[in-house]
Amino acid sequence: MSSIGTGYDLSVTTFSPDGRVFQVEYATKAVDNSGTVVGIKCKDGIVLGVEKLVTSKMMLEGSNRRIHSVHRHSGLAVAGLAADGRQIVSRAKSEAASYEKVYGEPISVKELADRVSSYVHLCTLYWWLRPFGCGVILGGYDRDGPQLYMIEPSGLSHKYFGAALGKGRQAAKTEIEKLKLSELTCREGIVEVAKIIYGVHDEAKDKAFELELSWICDESNRQHQKVPNDLLEQAKVAAQAALEEMDAD
Amino acid sequence: MEEQKWDQPMGGFNAASRSQMAEAAAGGEESQRTLYPYVTGTSVIALKYKDGVIMACDTGASYGSTLRYKSVERIKAVGKHSLIGGSGEFSDFQEILRYLDELTLSDHMWDDGNSLGPKEIHSYLTRVMYNRRNKFDPLWNALVLGGVKMGPKGAEKYLGMVNMIGTHFEENHIATGFGNHLAIPILRAEWSEDMTFEEAVKLVEKCLLVLLYRDRSSINKFQVAKITTEGATIYPPYSLKTFWGFSHFENPAQGAVGSW
């Protein structure tokens, strides 16, 4: 699906004759080449998972976090250029803090998604700024229950039951669609997300990866946090077992 | 408003308020800064005991000499390891709680296994209070900060206080307001290292009772709170039994002579 946008792709403020903004599409390519990020909305909360590709054996485990807390009740998982992602997270944190300062209550997930997507979109409007080379999955739990949003480099934002970004997104989306999300609890959801990420990981192309999982659910007191270590290990074991089963047949 | 003399039942404030009133009278400028407190809480008592720190105060807030609010929680948990108790201007206490909330939120979002301990929070509050004092716009409070945090030597208990002029120190027992005069002598005589929770509550109740009898801005509704390595617990309010059956109170007009 690659088309050469000769001449029309030099600036984010230029449309092509067929109405496309190539710079934004190229930004999306950066997201498509990154490690898979998955988010699902379960019955009692949200689970976010990232396939963190390890580029060097010297890297300390647990470093280079791809999932960040934005406020007590929400988390942002980043796919694409990690440094760009940090900028978005930083902006989201400050939006959440300023909302609470003004209105006296935590920002709703919908409002937060709105603000993040406006910010991402902003950077596609001026020639002196480049678009963010990352897509984010925002999961939060507020008065209206658990919600999942995905924001793309174009600034487009939608609410989802399940979302995936990155290399394995097609396969991941297929797997997510097979799940009965309305009946799944977050505890079960963790295992499912782990299985999906282990499943879409391409052993041939990328060697090592680290699984990063976080959740916001009734069990975590509606606060965004890393999945507790024991549950994380259980999920990894189950995922690996499922993988072996798949390989066996 | 500038001419009104407010009754200041809180011990240490008088020095600061006198100089401020002199300034306002001399300069005559429109002061945009805090001149006097309006809604105030009275003493807070705290002491270290075996498992951590215990803190107690009454649930009243006065509007001058009127006991305006009777169900005010003047002790709050801060983060995972501390309790803060505030006497003095209640709105300033609420503002301080907001600052602490922002502080603990950004700490929480780092999610790196670290969390702010009582010593750090005390240090932060000292900076805030002292800097406001230097601008002649103080937060009119005496704050008590107590907590326990696991350190290299095990569970480290911490108790300190900081007031509106930025004076801060760490001690085994703290009292603010009238407690400085009435409770501290009792605490100095009867506090010991590693008291049990029951002993600590008894000591605290002894101090609270004296304050109830003698501090006109205290009310008979108290809250006790404790902080241990397990976390903070703020107990529901309760009252102490008082005794008024003194012979002198029985027939107060007995010795009265005269027609006035």
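Residues numbered from 1 in each chain as written. Chains lettered and ligands numbered in written order. Predicted model: local features only at pLDDT ≥ 70, side-chain atom pairs only at ≥ 80, totals over all residues. Heavy atoms only, no water.

**Q** Explain the overall build of chain B to me, please; I cannot follow it from the model alone.
**A** Per the secondary structure count, chain B includes seven helices and 13 strands. Sorting the 260 residues of chain B into buried and exposed places 45% on the buried side. In chain B, the share of contacts with a sequence separation of at least 24, taken over all contacts with a separation of at least 6, comes to 64%. Looking at chain B as shown, the accessible area adds up to about 13900 Å², and 52% of this sits on carbon and sulfur atoms. (Helix = DSSP H or I, 4+ residues; strand = E, 2+ residues; numbered from the N terminus. Buried < 20%, exposed > 50% of the residue type's maximum accessible area, 1.4 Å probe, protein only. Contact = heavy atoms within 4.5 Å. Areas by Shrake-Rupley, 256 points an atom, 1.4 Å probe, with all protein chains shown as cover.)

**Q** Quick question: what am I supposed to make of the pattern of salt bridges here?
**A** Oppositely charged side chains can pair when the atoms bearing their charge come close. Evaluation of the coordinates by the stated rule reveals 28 salt bridges over all chains. Measuring nitrogen to oxygen at the nearest pair gives 3.1 Å for the salt bridge that ties Glu111(A) to Arg115(A). In this pair, Glu111(A) and Arg115(A) are both assigned in helix α3 (residues 109–122), four residues apart and thus about one turn of the helix distant. As a salt-bridge pair, Glu219(A) and Arg187(A) come within 3.0 Å of each other at their nearest N and O atoms. Taken together, the residues Glu219(A) in the loop between β9 (209–217) and β10 (225–226) and Arg187(A) in helix α5 (residues 186–200) connect sequence positions 32 residues apart. The class for Arg187(A) is partly exposed, based on a relative accessible area of 43%. Through salt bridges with shared partners, a single ionic network connects Lys52(A), Arg65(A), Glu210(A), Glu212(A) and Asp111(B). (Salt bridge = Lys/Arg side-chain N within 4 Å of Asp/Glu carboxyl O.)

**Q** Where do I start with the nonpolar core in this structure?
**A** Generally speaking, soluble globular proteins have nonpolar side chains that are buried together. Membership of the largest hydrophobic core comes to 28 residues, with the highest contact counts inside it found for Val38(A), Ile40(A), Val47(A), Ile190(A), Leu213(A) and Trp215(A). Elements supplying a minimum of two residues to this core: β1 (37–42), α4 (169–178), α5, β9 and α6 (229–248) of chain A. With 23 residues, the next largest nonpolar core counts Ile54(B), Leu187(B), Val201(B) and Val224(B) among its residues. (Core = buried A, V, L, I, M, F, W, Y, C linked by side-chain atoms within 4.5 Å.)

**Q** Help me out: how do you make sense of helix α6 (residues 197–214) of chain B in this one?
**A** Given 3.6 residues per helical turn, the α-helix brings residues three or four places apart onto the same face. Residue and element names in this part refer to chain B. Across its 18 residues, α6 extends 26 Å between first and last C-alpha, which sits within 8% of the 26 Å expected from 1.5 Å per residue. For α6, the full list of buried residues reads Ala200, Val201, Leu203, Val204, Cys207, Leu208, Leu211 and Leu212. Each element contacted by the buried residues of α6 is listed here: β2 (44–49), β3 (52–58), α4 (179–182), α5 (184–190) and β12 (222–228). (Expected span 1.5 Å × (residues − 1).)

**Q** Just checking my understanding: could you explain unusual backbone geometry for this structure?
**A** Glycine aside, a negative phi is what most residues show, and trans is what most peptide bonds show. Unusually for a residue other than glycine, Asn64(A) sits at a positive phi of about 55°. Counting through the fold element by element, Asn64(A) comes out in the loop between β2 (45–53) and β3 (67–71). In this structure Asn64(A) comes out as exposed when scored by relative accessible area, which is 52%. Although it is not a glycine, Asp194(B) adopts a positive phi angle of roughly 60°. Tracing the backbone through its elements, the reader meets Asp194(B) in the loop between α5 and α6.

**Q** Which parts of the structure should I look at to understand the interface of chain B and chain A?
**A** Often, the extent of an interface is quoted as the loss of accessible area on bringing the components together. With eight residues of chain B at the contact, the number on the chain A side is eleven residues. When chain B packs against chain A, close to 860 Å² is buried across both sides, 46% of that on carbon and sulfur atoms. Of the charged contacts in the structure, one is a salt bridge between Glu102(B) and Lys101(A), with a shortest N-O distance of 4.0 Å. Between the two partners, chain B and chain A, sit two residue pairs in polar contact (both at pLDDT 80 or more). Residues belonging to the side of chain B that touches chain A are distributed by class as follows: two nonpolar, two polar and four charged. (Buried area = accessible area lost by both parts, 1.4 Å probe. Polar contact = N/O pair within 3.5 Å; in protein donor to acceptor, adjacent residues only side chain to side chain. Nonpolar A, V, L, I, M, F, W, Y, C, P; charged D, E, K, R; others polar.)

**Q** It is not clear to me how the UniProt feature "domain: Proteasome alpha-type subunits" (unreviewed entry) in chain A should be interpreted in this structure. Could you clarify?
**A** The UniProt feature table records "domain: Proteasome alpha-type subunits" (unreviewed entry) at residues 8–30 of chain A. Along residues 8–30 of chain A one finds 39% helix and 0% strand; the C-alpha atoms at either end are 19 Å apart. (UniProt positions renumbered as here; feature names shortened; annotations may be inferred.)

**Q** Looking at this structure, I do not really get the sheet that holds strand β4 (residues 74–80) of chain A. What am I missing?
**A** Hydrogen bonds along the backbone pair up the strands of a sheet, which may run parallel or antiparallel. Residues and elements named next belong to chain A. A sheet is described by the order of its strands in space; here five strands give the open sequence β3-β4-β5-β6-β7, paired in antiparallel fashion. In this open sheet, the two strands that pair with only one neighbour each are β3 and β7 (157–160). Going across the sheet, the axis of each strand differs from the next one's by a mean of 25°, ignoring polarity. Across seven bridges, β4 lies against strand β5 (residues 134–142) in antiparallel orientation. Residue pairing in the sheet places valine 78 in a bridge with valine 136 of β5. (Pairing = 2+ DSSP bridges. Axes fitted to C-alpha atoms, helices over the stretch in contact; angles between N-to-C directions.)

**Q** What is the right way to read the confidence of the model for chain B from this model?
**A** Low-pLDDT stretches of the model should not have their predicted coordinates read in fine detail. Residue and element names in this part refer to chain B. Summarising the model, chain B shows a mean pLDDT of 88, and 87% of its residues fall at 70 or more. Segment residues 1–5: pLDDT under 50, and five contacts once partners within four positions in sequence are set aside and those in other chains are kept. Counted against residues more than four places away or in other chains, residues 22–27, with its pLDDT under 50, gives three contacts. With pTM at 0.84, the complex prediction returns an ipTM value of 0.82. (pLDDT = per-residue confidence, 0-100.)

**Q** Hey, could you run me through the packing of α5(A) against α6(A) in this one?
**A** Each pair of packed helices can be summarised by the angle the axes make with each other and by the distance between the axes. Residues and elements named next belong to chain A. Closest axis-to-axis distance for the α5/α6 pair is 8 Å, and the angle between their directions is 50°. The angle between α5 and α6 falls in the class oblique. Of the two elements, α5 crosses α6, and the hand of that crossing is right-handed. Contacts between α5 and α6 pair Arg187, Ile190, Val191, Ala194, Lys195, Tyr198 and Gly199 from the former with Leu231, Ala235, Lys236, Ala238, Ala239, Gln240, Ala242 and Leu243 from the latter. Of the residues contributing to the contact of α5 with α6, the split by class is ten nonpolar, two polar and three charged. (Parallel < 35°, antiparallel > 145°, perpendicular 65-115°, else oblique. Left-handed = near helix turned anticlockwise from the far one by under 90°.)

**Q** Before we go on, may I ask you to explain the sheet that holds β1(A) in this structure?
**A** Residues and elements named next belong to chain A. Spatial strand order, β8-β1-β2-β9-β10: five strands in an open sheet with antiparallel pairing. Looking at the sheet topology across the chains shown, the edges are occupied by β8 (162–165) and β10. As judged from the six bridges shared by β1 and β2, these two strands associate in the antiparallel manner. Bridging across to β2, cysteine 42 finds its partner in glycine 45. Along the sheet, α5 contacts β1, β2 and β9; its crossing angle with β9, the most-contacted strand, is approximately 155°.

**Q** Even after reading the chapter, I still don't get the packing of aromatic side chains, so can you show me in this structure?
**A** Where two aromatic rings form a pair, the distance of their centres and the angle of their planes describe that pair. Residue and element names in this part refer to chain B. On inspection of all chains with the given rule, the structure shows 14 aromatic pairs over all chains. Judged by centre distance (6.0 Å) and plane angle (35°), the rings of phenylalanine 197 and tyrosine 235 are tilted. In this pair, phenylalanine 197 sits in helix α6 while tyrosine 235 sits in the loop between β13 (231–234) and α7 (247–250), placing the two residues 38 residues apart along the sequence. Across the ring face of phenylalanine 197, the terminal group of lysine 226 is positioned such that the distance to the ring centre comes to 4.9 Å. (Phe/Tyr/Trp six-rings, centres within 6.5 Å; stacked < 30°, edge-to-face > 60°. Lys NZ or Arg CZ within 6 Å of the ring centre and 35° of its normal.)

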